[in-house]
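An overview of the molecular structure
So the chains spell out like this:
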Amino acid sequence: VYMTSKQRAYLRSLAMTMTPIVNIGKNGVTDSVTSEVDNLLECKELIKISVLKNSDLGAKEVAECLADEVNAIVVQTVGSKITLYRVSKKDDIKHIELPE
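Below: a short report on this structure. What you are looking at is a predicted structure, and each value in this text was computed from that prediction instead of being measured.

**Some points on the nonpolar core**
By size, the foremost hydrophobic cluster in this structure holds 18 residues, and its most contacted members are Ile-24, Val-37, Ile-49, Leu-66, Ile-82 and Leu-84. At the level of elements, strand 1 (22-24), helix 2 (31-44), strand 2 (46-51), helix 3 (59-70) and strand 4 (81-85) are the ones that each hand at least two residues to this core. A total of six residues in this core trace back to one element, the largest contributor, which is helix 3. Dropping the residues within four chain positions of it, Val-37 is found in contact with Val-22, Ile-47, Ile-49, Leu-66, Val-70 and Leu-84. Of all hydrophobic cores here, the second largest spans eight residues; its members include Ala-15, Ile-73, Tyr-85 and Ile-96.

Below, the structure written as structure tokens:
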């Protein structure tokens, strides 16, 4: 899925006020983390993840790995924070309207 810089900037602006809802620790990207991220993306579309200091993986590695696993887009990685986006298939949630 391709995203324009304008859309990416819009998602980044939304993510600014968000707090990370998933923490990646020394166990790295486990199946339970992957399924949690998958479920959260389905409910929220845009989520922020924190990679803790005790993790062996860097934020960029975790971001790429998770994005592949759950078929999401890495909006950005800043320091130890990752922002992921995926359009939800659910109808009963408020979808994020991306600018054209």
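Now that the structure is up, let's keep going.
**Comments concerning the sheet that holds strand 3 (residues 73-78)**
Taken in spatial order, the four strands of this open sheet run 1-2-4-3, and their pairing is mixed. The strands lining the two open edges of the sheet, one partner per strand, are strand 1 and strand 3. Neighbour to neighbour, the strand axes of the sheet diverge by 25° on average, direction disregarded. Both strand 1 and strand 2 contribute to a ladder of three bridges, which runs parallel.

**Describing helix 1 (residues 5-15)**
What helix 1 keeps buried is the set Gln-7, Leu-11 and Ala-15. What you see down the axis of helix 1 is that its buried residues fit within an arc of 80°, all on one side. Exposed residues pointing more than 90 degrees away from the buried face of helix 1 are listed as Ser-5 and Lys-6.

**Looking at a negative patch on the surface**
Together, Asp-31, Glu-61, Glu-64, Asp-68 and Glu-69 line one region of the surface with negative charge. The element contributing the most residues to the negative patch is helix 3, with four residues. The exposure class of Glu-69 is exposed, given its relative accessible area of 52%.

Parameters and conventions
- Residues numbered from 1 in each chain as written.
- Predicted model: local features only at pLDDT ≥ 70, side-chain atom pairs only at ≥ 80, totals over all residues.
- Heavy atoms only, no water.
- Core = buried A, V, L, I, M, F, W, Y, C linked by side-chain atoms within 4.5 Å.
- Buried < 20%, exposed > 50% of the residue type's maximum accessible area, 1.4 Å probe, protein only.
- Helix = DSSP H or I, 4+ residues; strand = E, 2+ residues; numbered from the N terminus.
- Contact = heavy atoms within 4.5 Å.
- Pairing = 2+ DSSP bridges.
- Axes fitted to C-alpha atoms, helices over the stretch in contact; angles between N-to-C directions.
- Arc of directions from axis to C-beta.
- Patch = residues over 30% accessible without salt bridge, like charges linked within 9 Å, V, L, I, M, F, W, Y side chains within 5 Å.
- Areas by Shrake-Rupley, 256 points an atom, 1.4 Å probe, with all protein chains shown as cover.
- Salt bridge = Lys/Arg side-chain N within 4 Å of Asp/Glu carboxyl O.
- Lys, Arg positive; Asp, Glu negative; His and termini not counted.
- Charge placed at Lys NZ, Arg CZ, Asp CG, Glu CD.

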